[in-house]
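Read off the chains here:
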Amino acid sequence: MAKLLPKIGSHKNGRISSRKNARKIPKGVIHVQASFNNTIVTVTDVRGRVISWSSAGACGFRGTRRGTPFAAQTAAGNAIRTVVDQGLQRAEVMIKGPGLGRDAALRAIRRSGILLSFVRDVTPMPHNGCRPPKKRRV
């Protein structure tokens, strides 16, 4: 039986390239997902490939402190710091969710010096979708 050749760039042949530093991106999309318990900030290129991400939990906040505006501000700052070094200048912002970190994350993004093309709220809204559960009889 023929021996399978390892893929180029796989761990087996010892060549591991760091693609994070290789990519230069002038334009990107910043996704902010703010729930009541956590805030996740993801920076992607225009095609949707993730370049950098951070969350309040990844920044060291635990428990109820993850849902605070300060935690969201810290998460946004961490996610953006790495992409500014890679040359991100213009960005679109997509904000999703009802959490407290929405405004704080947007404030941190504006303070970072990136030019924002637009800020869009992409929170999913049901048009009276699912039927609610039946009433409890006690």
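This one's a predicted model, so the numbers in the text were calculated from it and none came from an experiment. (Residues numbered from 1 in each chain as written. Predicted model: local features only at pLDDT ≥ 70, side-chain atom pairs only at ≥ 80, totals over all residues. Heavy atoms only, no water.)

Q: Could you give me a rundown of the sheet that holds strand E1 (residues 27-34), with the residues and numbers involved?
A: Judged by pairing direction, the sheet is mixed, and its five strands sit side by side in the order E3-E2-E1-E4-E5 without closing on themselves. Of all strands in the sheet, those with a lone pairing partner are strand E3 (50-55) and strand E5 (115-121), marking the two edges. Averaged over neighbouring strand pairs, the angle between their axes works out to 15° when direction is ignored. Sheet topology note: the strand E4 (residues 90-96)/E5 ladder contains five bridges and is parallel. Paired with isoleucine 95 across the bridge in E5 is aspartate 121. (Pairing = 2+ DSSP bridges. Helix = DSSP H or I, 4+ residues; strand = E, 2+ residues; numbered from the N terminus. Axes fitted to C-alpha atoms, helices over the stretch in contact; angles between N-to-C directions.)

Q: I'd like a rundown of the nonpolar core, residues and numbers included.
A: Core analysis: the biggest nonpolar cluster contains 20 residues, and Ile30, Val32, Val41, Leu88 and Ile109 have the highest contact counts within it. Those elements that place two or more of their residues in this core are E1, strand E2 (39-45), helix H2 (69-85), E4 and helix H3 (101-111). For this core, the leading source of residues is H2, giving five residues. Not counting residues within four places of it along the chain, the set of residues in contact with isoleucine 109 comprises Ile30, Val32, Ala76, Ile80, Val93, Ile114 and Leu116. (Core = buried A, V, L, I, M, F, W, Y, C linked by side-chain atoms within 4.5 Å. Buried < 20%, exposed > 50% of the residue type's maximum accessible area, 1.4 Å probe, protein only. Contact = heavy atoms within 4.5 Å.)

Q: Give me unusual backbone geometry: which residues, what numbers.
A: Phi at asparagine 128 takes a positive value of approximately 55°, unusual for a residue other than glycine. Considering the arrangement of structural elements, one finds asparagine 128 in the segment after E5. On the basis of relative accessibility, which here comes to 76%, the residue asparagine 128 falls in the exposed class.

Q: Give me the lowdown on the pattern of salt bridges, citing residues and values where you can.
A: Applying the stated criterion to the full structure yields three salt bridges. Across the pair glutamate 92 and lysine 27 runs a salt bridge whose closest N-O atoms are separated by 2.9 Å. With a gap of 65 residues between them, glutamate 92 in strand E4 and lysine 27 in strand E1 connect regions that are remote in the sequence. By relative accessible area, which is 16% here, glutamate 92 ends up buried. As a salt-bridge pair, arginine 102 and aspartate 121 come within 3.5 Å of each other at their nearest N and O atoms. Here aspartate 121 lies in strand E5 and arginine 102 lies in helix H3, a separation of 19 residues in the sequence. According to the relative accessible area criterion, arginine 102 is partly exposed, its value standing at 22%. (Salt bridge = Lys/Arg side-chain N within 4 Å of Asp/Glu carboxyl O.)

Q: Account for the packing of aromatic side chains, naming residues and giving values.
A: According to the stated counting rule, one finds one aromatic pair in the structure shown. Between phenylalanine 61 and phenylalanine 70, the aromatic rings sit 5.9 Å apart at their centres with planes inclined by 85°, giving edge-to-face as the arrangement. (Phe/Tyr/Trp six-rings, centres within 6.5 Å; stacked < 30°, edge-to-face > 60°.)

Q: Hey, could you go over the side chain of serine 54 for me, with residue numbers and the actual values?
A: Residue position: serine 54 is located in strand E3. Residue classification places serine 54 among the buried positions, given a relative accessible area of 5%. Excluding residues that lie within four positions of it along the chain, serine 54 makes contacts with Thr39, Ile40, Val41, Cys59, Ala75, Asn78 and Ala79.

Q: A description of H3 should follow, citing residues and the corresponding values.
A: Note that an α-helix has 3.6 residues per turn; residues three or four places apart therefore point the same way. When H3 is considered as a whole, its buried residues turn out to be Gly101, Ala104, Ala105, Leu106, Ala108 and Ile109. Looking at the buried residues of H3, the elements they touch are E1, E2, H2, E4 and E5.

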